[in-house]
Amino acid sequence: FSSGIYVCAKCGHELFSSRAKYEHSSPWPAFTETVHQDSVSKRKERPGALKVSCGKCGNGLGHEFLNDGPQRGQSRF
């Protein structure tokens, strides 16, 4: 893992810190939290999953999977 801040590829808005990154079985990076409260916007897509977009430009970022983080009660981005 490289240390630093992960930003939106479209606008450069700060999204996630490497401190919140962890190993997961998915092929994509996994994070437990965002850098700022407004880093992302979320909308319900289906039970247990929220669609996540950049909080500044709306670029699609994937999902937040509820209660699927490394510790009980944590989410996975």
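One can find the structure itself at the top, above this paragraph.
It should be emphasised that the depicted structure is a prediction, and the values quoted were computed from it without experimental measurement. (Residues numbered from 1 in each chain as written. Predicted model: local features only at pLDDT ≥ 70, side-chain atom pairs only at ≥ 80, totals over all residues. Heavy atoms only, no water.)

Enquirer: I'm lost on the overall build of the protein chain in this one. Help?
Expert: Secondary structure assignment for the protein chain yields zero helices and seven strands. Counted from the first residue to the last, the protein chain has its helices and strands arranged as β-β-β-β-β-β-β. Here the C-alpha radius of gyration of the protein chain, 12 Å, is about what a compact globule of 77 residues would show, namely 11 Å. Its C-alpha atoms give the protein chain principal-axis dimensions of about 30 × 30 × 20 Å. (Helix = DSSP H or I, 4+ residues; strand = E, 2+ residues; numbered from the N terminus. Rg over C-alpha atoms; globule rule 2.2 N^0.38 Å.)

Enquirer: When you look at the environment of Gly69 in this model, what are you seeing that I'm missing?
Expert: Tracing the backbone shows Gly69 in the segment after β7 (60–65). Residues Gly69 and Thr32 lie 37 residues apart in sequence; the distance between their C-alpha atoms is 6.3 Å. Each residue touching Gly69, except ones within four places of it in the same chain, is listed here: Tyr22, Gln74, Ser75 and Arg76. (Contact = heavy atoms within 4.5 Å.)

Enquirer: I tried to follow unusual backbone geometry on my own but got confused; where do I start?
Expert: Note: most peptide bonds trans; most residues except glycine with negative phi. The backbone of Asn67 shows a phi angle near 55 degrees, a positive value even though the residue is not glycine. Within the secondary structure, Asn67 sits in the segment after β7. Overall, Asn67 belongs to the exposed group, its relative accessible area being 59%. (Buried < 20%, exposed > 50% of the residue type's maximum accessible area, 1.4 Å probe, protein only.)

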